[in-house]
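Architecture at a glance
Okay, here's what each chain looks like letter by letter:
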Amino acid sequence: MSSLLGHALAGLTISAAFTKGRPPRRTWAFAMACALAPDLDWFTGFLPFLDGTSLSHRGMSHSLIAAVLIATGAMLIGFRSELRNPRPWACLLSAAFSHGLLDACTFGGTGVAFLLPFSKARFVCVWQPIFVSPIPLSGKLFDWLLFSLGTEVVWIGIPALLVFSAPRAFQWLRLRKRSEETP
């Protein structure tokens, strides 16, 4: 799996992409929560009778149906007054779905069961540039964690930086062009 940091950054970036200007705290907080929520199934690893079932890690909680349910729950909790506005719902749905996409892009671990309960197939991306985060940390695993965080900086952090900085850069260019046009 991608680290919690990578998933949270993806949720924050998605909230920035769906809002004009700086996203409201409520939007980025709920988008990050939606991006992190599917990893609650990680705790099923402590229950051996769930191992290999649809409730195990990267199972039902990473499916498309779960993304819809997570986004809908977040809308009902945090955006009740905006239920008719599709923009926050699309933001939260994208954030929830981003979790499975990032996990499918990780090198290592099992695939993601996007189509549960209709299919038990697990999917991985053809290109997997992000290394899976090691859990638990001990000895050489700390070096692995640093390496996996480095891949997240490259493949999640740099695109996030572009999403955050591109609108400001375009605004700066527009202001500069206006100042040059006025005598």
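Below is a short write-up of the structure. (Residues numbered from 1 in each chain as written. Predicted model: local features only at pLDDT ≥ 70, side-chain atom pairs only at ≥ 80, totals over all residues. Heavy atoms only, no water.)

Comments concerning the overall build of the protein chain
Our working definition: Each helix is a run of H or I in the DSSP string that is no shorter than four residues. Each strand is a run of E no shorter than two, and both are numbered from the N terminus. Buried residues are those whose accessible area, probed at 1.4 Å on protein chains only, stays under 20% of the maximum for their type, while exposed residues exceed 50% and partly exposed ones sit between those limits. Pairs of residues are marked as contacts when any of their non-hydrogen atoms sit within 4.5 Å. Computed by Shrake-Rupley with a 1.4 Å probe, the accessible areas treat only the displayed protein chains as cover when residues are assessed.
Helices and strands together make up the secondary structure of the protein chain, namely five helices and two strands. If you line up the protein chain on its principal axes, its C-alpha atoms span 75 × 45 × 25 Å. Residue burial in the protein chain is summarised as follows: out of 183 residues, 35% are buried. When contacts within the protein chain are restricted to residue pairs at least 6 apart in sequence, those whose partners lie at least 24 apart make up 63%. Of the roughly 11200 Å² of accessible surface on the protein chain, a fraction of 71% belongs to carbon and sulfur atoms.

Description of the environment of Arg-168
Along the polypeptide, Arg-168 turns up in helix H5 (residues 141-181). When the C-alpha positions of Arg-168 and Gly-21 are compared, they lie 8.7 Å apart, and in sequence the two are 147 residues distant.

As for the packing of helix H1 (residues 4-18) against helix H2 (residues 25-36)
Inclusion rule: Between N-to-C directions, angles span 0 to 180 degrees; the directions come from axes that are lines fitted to C-alpha atoms, helices contributing only their stretch in contact. For this classification, under 35 degrees means roughly parallel, over 145 means roughly antiparallel, 65 to 115 means roughly perpendicular, and everything else is oblique. Crossings are sorted by hand: turned counterclockwise from the far helix by less than a right angle, the near helix makes the crossing left-handed, and turned clockwise it makes it right-handed. Put simply, Ala, Val, Leu, Ile, Met, Phe, Trp, Tyr, Cys and Pro go in the nonpolar bin, Asp, Glu, Lys and Arg in the charged bin, and everything else, Gly too, in the polar bin.
Remark: H1 packs on H2, axes separated minimally by 7 Å, with the N-to-C direction vectors making an angle of 135°. Overall, the two elements H1 and H2 adopt an arrangement that is oblique. You can see that H1 and H2 cross each other, and the crossing is right-handed. Taken together, the residues of H2 that come into contact with H1 (itself represented by Leu-4, His-7, Ala-8, Gly-11, Leu-12 and Ser-15) are Thr-27, Trp-28, Ala-31, Met-32, Ala-35 and Leu-36. Of the residues in the contact of H1 with H2, the class split is eight nonpolar, four polar and no charged.

So, the pattern of salt bridges
As a reminder of what qualifies: We count a salt bridge whenever a side-chain nitrogen from Lys or Arg sits within 4 Å of a carboxyl oxygen from Asp or Glu.
All chains considered together, the criterion is met by three salt bridges. For Arg-26, the salt bridge goes to Glu-82, with nearest N and O atoms at 2.8 Å. With Arg-26 in helix H2 and Glu-82 in the loop between helix H3 (64-78) and helix H4 (86-104), this residue pair connects regions lying 56 residues apart in the sequence. Between Arg-58 and Asp-103 there is a salt bridge, with the nearest N and O atoms lying 3.7 Å from each other. Note that Arg-58 is positioned in the loop between H2 and H3 and Asp-103 in helix H4, a separation of 45 residues in sequence. In this structure, Arg-58 and Asp-103 share a single accessibility class: buried.

Overview of the nonpolar core
Operational definition: What makes a nonpolar core is a set of buried Ala, Val, Leu, Ile, Met, Phe, Trp, Tyr and Cys residues whose side-chain atoms join them at distances within 4.5 Å.
Core analysis: the biggest nonpolar cluster contains 13 residues, and Ala-31, Cys-34, Leu-92 and Ala-95 have the highest contact counts within it. Breaking this core down by element, the ones donating at least two residues are H2, H3 and H4. Once residues within four sequence positions are removed from consideration, Cys-34 is found in contact with Ile-70, Ala-71, Ala-74, Leu-92, Ala-95 and Ala-96.

Describing H1
Here is the rule we go by: Take the residue count of a helix, subtract one, and multiply by 1.5 Å to get its expected span.
For H1, which comprises 15 residues, the first-to-last C-alpha distance of 21 Å matches the rise-based estimate of 21 Å (1.5 Å per residue) to within 8%. Turning to H1, its buried residues are Gly-6, His-7, Ala-8, Ala-10, Gly-11, Thr-13, Ile-14, Ser-15 and Ala-16. Among the structural elements, H2, H4 and H5 are those in contact with the buried residues of H1.

Topic: the environment of Phe-131
Looking at the element boundaries, Phe-131 is found in strand E2 (residues 130-131). The class for Phe-131 is partly exposed, based on a relative accessible area of 26%. Taking the C-alpha atoms as reference points, Phe-131 and Ser-3, 128 residues apart in sequence, are found 9.5 Å from one another.

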